[in-house]
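Chain and residue survey
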Amino acid sequence: MTRTRWMFAWFGVLFILLIIVFPMYWGLRTSLTENGVLDFVPGRLTLMHYDGLFAGGFLTNIQNSLIISMGTITFTLPIALMSGYALARFDFPGKRFSAVLLVLPLLPAIAVLVPLILYMRGLGIYNTLYSVILAGTVFALPYCTWMIRGFMLSIPREIEEAALIDGCGPIKALFSIAIPLAAPGLISVAIFTLISAWNNYLFSFAFTTKRELQVVPAALLGFITAWGNNYGGMNAGAVVAILPPLIFFLIFQKWFIQGILAGSSK
Amino acid sequence: MGKVKVSRRQFLQTMGVAASGVAVSGILAACQVPAPPPQAANVTSAPTQESTTAPTSAPAAAGGTVKWAEFYSLLTDASGKLNQDWIAGVVKQFEDENAGWKVEREAIKWDQIDQKAILDLTAGVDHDLMFSSPQLMAKHLKADTYLDLTPWIEKMPKAEQDDLNWSPGWKSATVGGKQIGIATGVHTRTLAYNRDIFKAADLDPDKPLTTLDEMVEVAKKTTKADQDIWGLGMFLGNSRATIELYYAPIVWSFGGDFYDSAAQKATLTGDASIKAVQWIYDLVHTHQVTPPYSFASDADYNNLIMTAFTGGKLAQSMGYGSYWIGAMQEKNMTTGCFPATAECKVGTGGVMVQPGAARAQFTNAWCLSIHKLSKNSDAAWKLLQTIFKPENLRTYPDAGLPARLSAWESPEYSSDFYKIWLDAAKNGRPMPPTPYYPELADTMSAAMQEILSKKSDIPGTLKKFEDEWNSKYSGQ
Amino acid sequence: MASVSKPLSEQPAREQPATRLMKGLRRNALPYILLLPLVVILISFLAIPFISLIYYSLQRTELGVGNVFVGLANFNILLHESRFAANLTATLVYLAGVLVLSVPMAYFAAVLISSNRRGVGGIRTIFLIPWVLAPVVTALLFRTMLDPQSGPITIAMSWLLGHPFYLTLSEEGSRLLIVLHSAWRSFPLEMLLIAAGITSIPQELYEAAKVDGAGLWQQFRRITLPLTRIPLFSAVLLISVYTVQDAEGVYALTQGGPGYGTEVTGVRLFKEAFLYFNIGFASSIGIALITLSVLVIVIYFRILGQGEKA
C-alpha cells in the first residue's frame with residue numbers, strides 16, 4: 001500500500017471509530033455527571049444516577065430481562081436443534097416447505113401482536129413473563145432452526161453414518177456426534193437468541209402491564225417522553241442495558257459472527 | 001473406540017439432561033415470583049360488575065389484595081420520590097386500618113394508563129383502583145372502563161360530597177349520568193412570569209396582562225435570543241399538551257372552539273381556530289419570541305416550560321401548571337408558597353390568569369376510578385376513602401391545588417398568589433367530550449407541527465387534518 | 001425416505017413384511033416427530049394469528065360495542081387517506097436513506113477489516129457493537145446527543161455554523177435523524193456479510209489485476225463488487241426488511257413528528273394498535289406492512305434473478 005492509501009484507510013478507521021464510540025462515550029459521561037454539566041471531560045464524577053436507578057426498582061427490570069432471555073434460550077434451543085437436525089439429515093416428503101423458515105423472520109412481528117394478545121389471554125398467561133418468553137421463542141425459532149440446519153449440514157455426514165452402522169439410533173447419533181460437533185454453532189445460536197431477547201421491547205410492551213414485569217428496554221422507553229428529560233438517569237439505564245449484550249458479544253464474538261454468517265448465507 | 005466413546009456419550013447425555021433440568025426449573029421458579037399470588041376463592045367480594053348493583057358498606061371479604069395503578073417514576077420525574085413516599089404512607093395507613101388487606105401497586109406510564117385500562121378491559125385483565133384522565137372520560141364511558149361510583153358516593157355525607165363535587169376534574173368525570181372518577185386535586189395552568197425580567201424591561205410586574213396582544217408586546221420587549229432568553233415559553237411538540245395548553249386557550253380567547261359537540265365534528269377550520277394557529281405561528285416565526293425548539297419532534301414540555309422558567313430563561317411561561325408551584329418555590333422564586341402557608345409571598349416568579357377574552361386555561365386533575373373488572377371494588381372504594389381523607393389529600397404532592405373546597409377556605413390558601421390560582425381554576429375549561437379525544441389531540445398537534453415545520457398554508461393544512469379526523473370519527 | 005439410514009434399510013429381507021413396514025414407518029416418521037414441536041408452534045402462534053389478522057382487518061373496533069364486520073372498508077379508508085400516503089412516503093424515504101448511507105459505509109468498513117493486518121480484529125469488534133445494542137438504547141443515546149439545549153452535537157453545530165442549529169425542527173432534519181440512527185445500527189451487519197464475501201475472493205485475482213495495471217478503484221469495480229454481489233444482496237435484503245418494519249427506533253426518537261414527517265408505517269401501526277386500540281384498522285395496516293415486506297423481498301429476488309441471467 002502506498003502512503004496516501006495508508007492515510008486514507010486510517011482516516012476512515014478513525015472516522016468510523018469516532019462515530020461509533022462517541023455516542024457511547026457521551027452516554028457513559030452523561031450517566032456519571034450531574035444533569036446540566038456539559039464539559040466534554042467532566043471534572044467530577046457522581047454515581048447519583050445509578051443510585052437513583054436502582055432505588056427506582058431497575059433491578060427488577062434487569063431480573064425480568066435475564067429471566068426472559070434465559071427462558072427464550074431454554075425453549076428455543078431444543079426445538080430448533082431437533083428441527084434443524086431433521087432438516088439437515090433426513091429427506092422426507094414436504095421438506096421443501098422448510099424454505100418458509102427463511103421468509104418467516106422477515107415478516108413483521110408487530111403486525112401479529114394484536115391477535116397474539118388475545119391468544120395469550122386465552123392461554124391465561126397474559127401479564128406474565130411466560131407470554132413474553134413464548135413470543136420470543138416463536139419469533140426466534142425460524143431463524144435459529146435455519147442456522148442450526150446450516151451447521152449440521154457443514155458436519156460431514158459420514159461420521160454419523162459410521163455411528164449408525166455401529167448400531168446407534170439416529171437420536172443417539174444426534175446426541176453423541178452431531179451436537180458435540182455442532183457445539184460452536186449452537187453457542188452462536190444461543191448468543192444470538194440471548195441478545196435478541198435481551199434487546200426486545202415489543203413483546204414486553206404488548207403482553208405485560210405491570211412495572212414489575214417490564215424488561216429493561218421497556219423501562220427505558222418509559223423514561224423517554226415521560227416527565228422531563230433526566231438525561232443522567234436515562235443514560236445510566238442505557239449503560240446498564242448495554243453491558244450484558246456487550247459482554248456476551250465480546251466473549252463469544254467469534255462464534256457469534258460465525259453463526260450470523262452461516263445463518264444468512266446457507 | 002467403544003468404551004471411551006460410550007462413557008463420553010453418557011457424560012454428554014447426563015450433562016445435557018442436568019443442564020436443561022436446571023435451566024427449566026430456574027425459569028419456572030423465576031417466573032413464579034412476579035406472577036400474582038393466586039387468590040383464595042373466598043377472598044373475592046361479590047363482584048360489583050354491574051354498575052347498578054349497590055355496594056356493601058364495608059369490604060365484604062376478610063382480606064385480600066387491592067391493586068392501585070399509579071405512574072410515579074423515581075427516574076424521570078423530579079417529584080417522583082415525593083409522590084412515591086406519599087403513596088407508601090397512604091398504603092400503610094390503609095393496610096393498618098383494614099387488617100388482612102394488602103395493596104399491590106401497579107405502575108403504568110402516565111400517558112398510557114387510560115389506554116391500558118381500556119386494553120385490559122378487552123383483554124379481561126382486572127385492575128382495582130386506577131388513576132384516570134378527565135379528558136378521556138368520554139372514551140371511558142363509551143368503552144365502559146370504570147364502575148359508576150354513584151352508589152358509594154350516595155352513602156357519603158352530603159357535606160363531604162359538596163366538598164369534592166365542585167371541582168372541574170370531578171365534573172369532567174360526570175358523564176352519561178354516571179360518576180366514573182373522583183378528582184384528587186386541581187391541575188390548572190396560569191401564565192407564569194419572571195418579575196425581574198419585567199422590571200428590567202420597564203414593565204409593571206404588578207399589572208396583570210389582559211389581552212393576547214399585550215402578551216405579544218411583552219414577549220417582543222423581553223426576548224434576548226442571543227442570551228437564550230425568550231419572551232414567551234410555549235410547548236408545541238408531539239404530545240397532547242400542545243392542544244391542551246397552547247392551541248385550545250387561544251382558540252377560546254378568539255371566541256370559538258375546535259369541536260362542535262352538537263354535530264360531533266372537529267372544527268379546526270373555524271375562524272377562531274385559524275386565528276389561533278396564525279397567532280402561534282407569528283410568535284414562533286414572525287416575532288421569534290418563543291424558543292425555536294418549542295416544536296421540535298423531541299421537544300419536552302417539562303424542559304421548555306418548567307425548567308426554562310425556573311432557570312430564568314423565560315419572561316412569560318404559558319401553560320405553567322399548578323403541579324409546578326413546588327418547582328418555583330425550590331428555586332426561591334416564591335417564599336412560603338409550597339407547601340402553602342398564609343405567609344406565601346411572590347418573589348421573582350409571578351403568576352396571572354391566562355390573558356385573553358376567555359381568561360381560560362385547560363383545567364383537569366388526576367382522577368381515581370375503579371376498573372370495571374375489579375374483583376375487590378369495595379376494598380378499592382375503601383382505599384379511595386383513605387386517600388381522600390383531608391389530611392392525606394392535603395399532602396398529596398401532585399394534587400396541584402386542593403380538591404376539597406373546604407381547604408380553599410383555610411388560611412394557607414388565602415394569599416394573593418393562591419387567589420390567582422383559584423381564579424384560574426374557576427375559569428378553567430375541559431377538553432371536548434369526544435370519545436376520540438386522544439386521536440383528535442394527536443391530529444391537531446400533528447397539524448400544528450406540520451404548519452410550523454413546513455411553514456405551510458394554515459387554512460389548507462387545517463382542512464386536511466380536520467378531514468382526516470372527521471372522516472373517521474365524526475358523529476360518534 | 002430416510003436417507004441417513006439408506007445403507008441400513010437395504011438389510012437382507014428376512015423380517016416379516018409387517019415388521020418391515022413398522023420399521024419403515026418409524027424411520028420415516030422420525031423427521032416428522034423431530035419437526036413436530038416447531039410446526040405446532042409456528043402454526044399456532046404465527047399462522048393462526050396471521051389468519052386472525054386478516055379476520056380483524058375486516059372489522060371495525062367500536063369501543064364498548066366490540067367488533068363490527070365492515071368488509072374491506074378499512075382498506076378503502078387506508079388507500080384514500082393522505083396520512084397513510086405520508087406514512088408510505090416516510091417509510092420509503094427512510095429505507096432509501098438508510099441504504100444510501102449504510103451500504104457505502106459498510107463496503108468501506110468491510111474492505112478495511114478484510115485486510116489481515118494487526119489490530120484489525122479489535123477494530124472489527126468495535127465496528128460491530130452498534131448492532132448488538134437495543135434500538136431503544138441507541139435511540140436514547142442519539143437523543144442525548146441531539147437535545148436542543150444540552151446535546152453536544154447541537155452545541156457543536158451551532159458553534160460551527162454561527163447560528164443556533166436544531167436538527168429536529170424540520171421534517172428533513174427529523175428524517176435525517178432517524179436515517180442516521182438506523183444506518184448507524186445497520187451498517188455493522190452489512191459490513192460483516194460483505195467482509196465474509198471479500199475474504200472468500202482468491203487473492204490471485206487481485207494479483208492478476210495488478211499485473212494488468214488496474215488501479216484500486218478498477219480492482220474494486222471489476223473484482224470486489226461483482227464477487228460480493230450475493231452477500232451484499234442478503235445484507236441489503238435483511239436491512240431493508242428491518243428498516244421497513246421498524247417502529248421502536250423511530251418512535252423512541254421522534255414519535256413520528258414533526259407532523260407525520262417521520263411517521264413510518266410501523267409507527268402508525270404501533271399508534272393505532274397500542275395508543276388508540278383501533279384493532280380492526282391496525283390489523284389492516286398490519287396487512288399493509290406485511291405486503292410491503294413481501295414486496296421488498298420479491299423485488300430483491302427479481303433483481304437477483306435478472307442479475308443471474310445477465
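A few words on the overall build of chain B. Broken down by element type, chain B carries 19 helices and 15 strands. The 476 residues of chain B split such that 61% are buried. Pairs at least 24 residues apart make up 74% of the contacts formed inside chain B by residues separated by at least 6 positions. Carbon and sulfur atoms make up 56% of the accessible area of chain B, which totals about 17900 Å².

All names here are of chain B. With mixed pairing, the four strands of this open sheet are ordered in space as β8-β11-β7-β14. Bordering the open sheet on either side are β8 (230-233) and β14 (349-352), each of which pairs with just one other strand. Each adjacent strand pair in this sheet contributes to an overall mean axis angle of 20°, direction not counted. Sheet topology note: the β8/strand β11 (residues 314-321) ladder contains three bridges and is parallel. The residue bridging Leu232 from the neighbouring strand is Gln316, located in β11.

The subject of this paragraph is the interface of chain A and chain C. With 87 residues of chain A at the interface, the matching set in chain C holds 82 residues. For the chain A and chain C pair, buried surface summed over both sides reaches about 7900 Å², with 82% attributable to carbon and sulfur atoms. Where chain A packs against chain C, one counts zero salt bridges. Linking chain A to chain C there are nine residue pairs in polar contact (both at pLDDT 80 or more). The element best represented in the side of chain A that touches chain C is helix α1 (residues 3-31) of chain A, accounting for 18 residues. Grouping the amino acids of the side of chain A that touches chain C by side-chain chemistry returns 71 nonpolar, 11 polar and five charged.

On to the packing of aromatic side chains. Within the structure shown, the criterion is met by 50 aromatic pairs over all chains. Relative to Phe274 of chain C, the ring of Phe205 of chain A has its centre 5.3 Å away and its plane inclined at 85°; by these criteria the two rings are edge-to-face. Placement of the pair is Phe205 of chain A in helix α10 (residues 202-207) and Phe274 of chain C in helix α13 (residues 265-274), with the two residues belonging to separate chains. Taking the centre distance of 6.4 Å and the plane angle of 75° together, the rings of Trp68 of chain B and Trp86 of chain B count as edge-to-face. Pair noted here: Trp68 of chain B is in strand β1 (residues 64-70) and Trp86 of chain B is in helix α2 (residues 80-97), with a separation of 18 residues, a long-range link. This pair shows no difference in class: Trp68 of chain B is buried, exactly as Trp86 of chain B is. Members of the aromatic cluster, connected to one another through ring pairs, are Trp68, Phe71, Tyr72, Trp86, Phe131, Trp366 and Tyr396 of chain B. One residue, Arg29 of chain A, lies across the ring of Trp26 of chain A, its end atom 4.1 Å from the ring centre. A cation over a ring is seen here: Arg96 of chain A above Phe97 of chain A, with NZ or CZ 5.1 Å from the ring centre.

Basis of the calculations
- Residues numbered from 1 in each chain as written.
- Chains lettered and ligands numbered in written order.
- Predicted model: local features only at pLDDT ≥ 70, side-chain atom pairs only at ≥ 80, totals over all residues.
- Heavy atoms only, no water.
- Helix = DSSP H or I, 4+ residues; strand = E, 2+ residues; numbered from the N terminus.
- Buried < 20%, exposed > 50% of the residue type's maximum accessible area, 1.4 Å probe, protein only.
- Contact = heavy atoms within 4.5 Å.
- Areas by Shrake-Rupley, 256 points an atom, 1.4 Å probe, with all protein chains shown as cover.
- Pairing = 2+ DSSP bridges.
- Axes fitted to C-alpha atoms, helices over the stretch in contact; angles between N-to-C directions.
- Buried area = accessible area lost by both parts, 1.4 Å probe.
- Salt bridge = Lys/Arg side-chain N within 4 Å of Asp/Glu carboxyl O.
- Polar contact = N/O pair within 3.5 Å; in protein donor to acceptor, adjacent residues only side chain to side chain.
- Nonpolar A, V, L, I, M, F, W, Y, C, P; charged D, E, K, R; others polar.
- Phe/Tyr/Trp six-rings, centres within 6.5 Å; stacked < 30°, edge-to-face > 60°.
- Lys NZ or Arg CZ within 6 Å of the ring centre and 35° of its normal.

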